[in-house]
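# Structural characterization, general
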Amino acid sequence: MKLNLLTVALAASAAVVFLDAQARADCGCSGIPSTITSDSSGPCLRYEAPSGPSNDITFRFDEAYACGQYATGEYFVVSEDGVARVTTITPEAAGGRHGVDVNPSPDGPQRWDDRLDDYAPPITLPYAVPPGSSVVKYVSDNPSGDCDGGGEKSCGRFAAVVTVIDAPPADPSTSFRPPFVGTNKPVLSTSKLQTQLLSRLQAACADTPSLETALAWTRHLRLDYTSDSVTCDLMPPEDALPDGRPWSTDIWARDTDVYAWLHLADVCGAPPCTPEEDLAAKFPVLVGYVQHGIDIWGVDKMGASLFRGGGGNGGGKLFAYGFAATMLADPAMLADLSAVDADRFFETASYYAGKNGIALWGQPVGTEEEYWNDFSDRSTRTIRDPYGYIDGGFEPGGWYQDNTAKPTKYSALLMRLMPALAAAWPINKDAILSYADRWVNHGALTQPDPCAPVGGRYGSDYGPDGSGDCVSGSGRVPELDGSNKDGGNREREMGECMWNSFRGCSETCSCPGQSCEATSRCGNGEIEAPEECDGDGSGSCPTGCVPPDQPNGCTCVAAGAGSGAGSSASSGGSNPWNGDGEEGDGGGCACGVAGRTAPTGALAALMAVWAAALHRVIRRRRMTGSEPPG
């Protein structure tokens, strides 16, 4: 007999209470009242590193301040008299390793490790931390050698943050941690998560992540924030990364496995699973990914570029941001997402509609002359075609286009499986979706191309024609057209299985178990992405609603016309809503899909308790060796 969500949550909560009772005397946050506990050296908070106790991070304080844990399990401390005094943090910063900073800026400097560029010494302890501050600690990897000592290429092993605030959130267990960068510290709630957007697809994929793997890849601070092209792909700590690989596109490719896992059925650990059991299993993983997206939002709000120069550096960051904004449906976050600078993210900078309307690949990172020099120099650069006819770089289909093709393909599928994400995507959704299909079905695009190949004199026999176009000819690299069809060196078994299983039905939103619900309701008087305006009268519908031929589209109906008018072919169903948000014949806008919101009230709180419980129980069991690693 299957346990219901309430039974499972209460049992897990009881286990956590027991475990917490054992741990309260050793560097943590007590239950009631919530104050920092002490070990033999005084008040302290400890984060346990997956790589072992030698990499644990311990924050020590001059007194037992009030404290708590966010939904992610990360600590906050409530200041007294305007500060919270941190006395020491171990491992101690020394010799250019194991740095610490407060409210780090993506503009630098970085205070983590002097083997990375733009280094400055860490802040000096003791430190009186004012409220509205994130104290971030870094544990260096292979501190006595180079950053590539174990082949991983990261200078970091583990990182953690303690947030100092002037008053605790109303319900810490349902609150996300504020962004660790800068001084803007919004607090968003897990009760706002649009869990109805997650599908329950059936897929027999051989490399489906386990729940333990999904948790391991989402539970720790990735410290992914700086705009330096090189440093950013050497900095993220290995304990927080999928397979410990710090390069952005490696992280992106592996993350698509777990993003896909979030849309599967029967992931609760003992299938067949009820929807409630699946959601309980997914919830802490969902919280982890959304927290990562919130951190990226914080970086973007500070004006930093996560594009990092092209070639896959920074790949996947906009996907994390867009996923988080969609799942939270937070107006401020969605507004910032819709207004992103295309040159600040790999995804928006790399895929665009060319002169013939065909989706192309290439980055805007060089001049027209540099583009042509790459052909002569056989450079690895990936400058986009300045004339908009073919894919970028001197060897379309190879190099970094090959590196990034597979995670782009998997991300495009996930956007199709989750129409609300596609609807919230800024700038170039159609180009990404079209590019993924073209890559799978055709490969690199180098024809038709009216430009002459390299040879002879620049500006006369090839190159610019002086009128804004190219010297005409038979094509630059016509022999590469169609090369590397559906290729890519970041291939994932999970991604290939998902594509083969769901690409066809995702087009019409007809995959069994697929959720095509929206975060918005036309005609409810609230402006919700992807709407530009809204209202409860039929007059607002023509400009305020998503067109009926789009996913989650809405149809305008006259007052008294009945509920049957609301349907959307792309959503695969009808569940019209009138201007009051109820089914009926009151006119206004009718939505093609039900605009169900996230669980609220008691269920939301219960889910948060279960998420925190699962997080801590599995973590402690793994650390004590009672459960094999995922």
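Scroll up for the structure.
The text that follows walks through the structure, step by step, so that each part is easy to find. Computed from a predicted model, the values in this text were never measured in an experiment. (Residues numbered from 1 in each chain as written. Predicted model: local features only at pLDDT ≥ 70, side-chain atom pairs only at ≥ 80, totals over all residues. Heavy atoms only, no water.)

## Focus on the overall build of the protein chain
Assigned secondary structure in the protein chain consists of 14 helices and 14 strands. Sequence-distant contacts, at least 24 apart, represent 67% of the contacts inside the protein chain between residues at least 6 apart. Carbon together with sulfur atoms contributes 50% to the accessible area of the protein chain, which is approximately 23300 Å² in total. (Helix = DSSP H or I, 4+ residues; strand = E, 2+ residues; numbered from the N terminus. Contact = heavy atoms within 4.5 Å. Areas by Shrake-Rupley, 256 points an atom, 1.4 Å probe, with all protein chains shown as cover.)

## A few points about the pattern of salt bridges
With the rule as written, the count across this model stands at 36 salt bridges. Between Lys406 and Glu496 there is a salt bridge; the shortest N-O distance is 3.0 Å. Within this pair, whereas Lys406 is found in helix 9 (residues 399-417), its partner Glu496 is found in helix 12 (residues 493-506), the two being separated by 90 residues in sequence. You can call Lys406 buried: its relative accessible area is 1%. Residue Glu496 is classed as buried on the basis of its relative accessible area, which comes to 13%. Between Asp437 and Arg503 there is a salt bridge, with its nearest N and O atoms 2.8 Å apart. On the criterion of sequence distance, the pair formed by Asp437 in helix 11 (residues 429-441) and Arg503 in helix 12 is long-range, its members being 66 residues apart. For Asp437, a relative accessible area of 17% corresponds to the buried category. Within the structure, one salt-bridge network assembled from shared partners comprises Asp243, Arg245, Asp250, Arg254 and Arg490. (Salt bridge = Lys/Arg side-chain N within 4 Å of Asp/Glu carboxyl O. Buried < 20%, exposed > 50% of the residue type's maximum accessible area, 1.4 Å probe, protein only.)

## Observations concerning the state of the cysteines
Working definition of a disulfide: a covalent bond connecting the sulfur atoms of two cysteines. Taken as a whole and judged by the stated rule, the model has 8 disulfides. The side chain of Cys205 participates in a disulfide bridge whose partner is Cys497; the two sulfur atoms lie 2.1 Å from each other. Around the S-S axis, the bridge from Cys205 to Cys497 shows a dihedral of about -85° and counts as left-handed. Note that Cys205 is positioned in the loop between strand 10 (156-165) and helix 2 (211-216) and Cys497 in helix 12, a separation of 292 residues in sequence. Residue class for Cys205 comes out buried when judged on its relative accessible area of 10%. Here Cys268 pairs with Cys273 through a disulfide, and the sulfurs are 2.1 Å apart. Judged by the sign of its S-S torsion, about -80°, the cystine formed by Cys268 and Cys273 is left-handed. Look at Cys268 and you get partly exposed, because its relative accessible area is 22%. On the accessibility criterion, Cys273 (9% relative accessible area) is buried. (Disulfide = S-S within 2.5 Å.)

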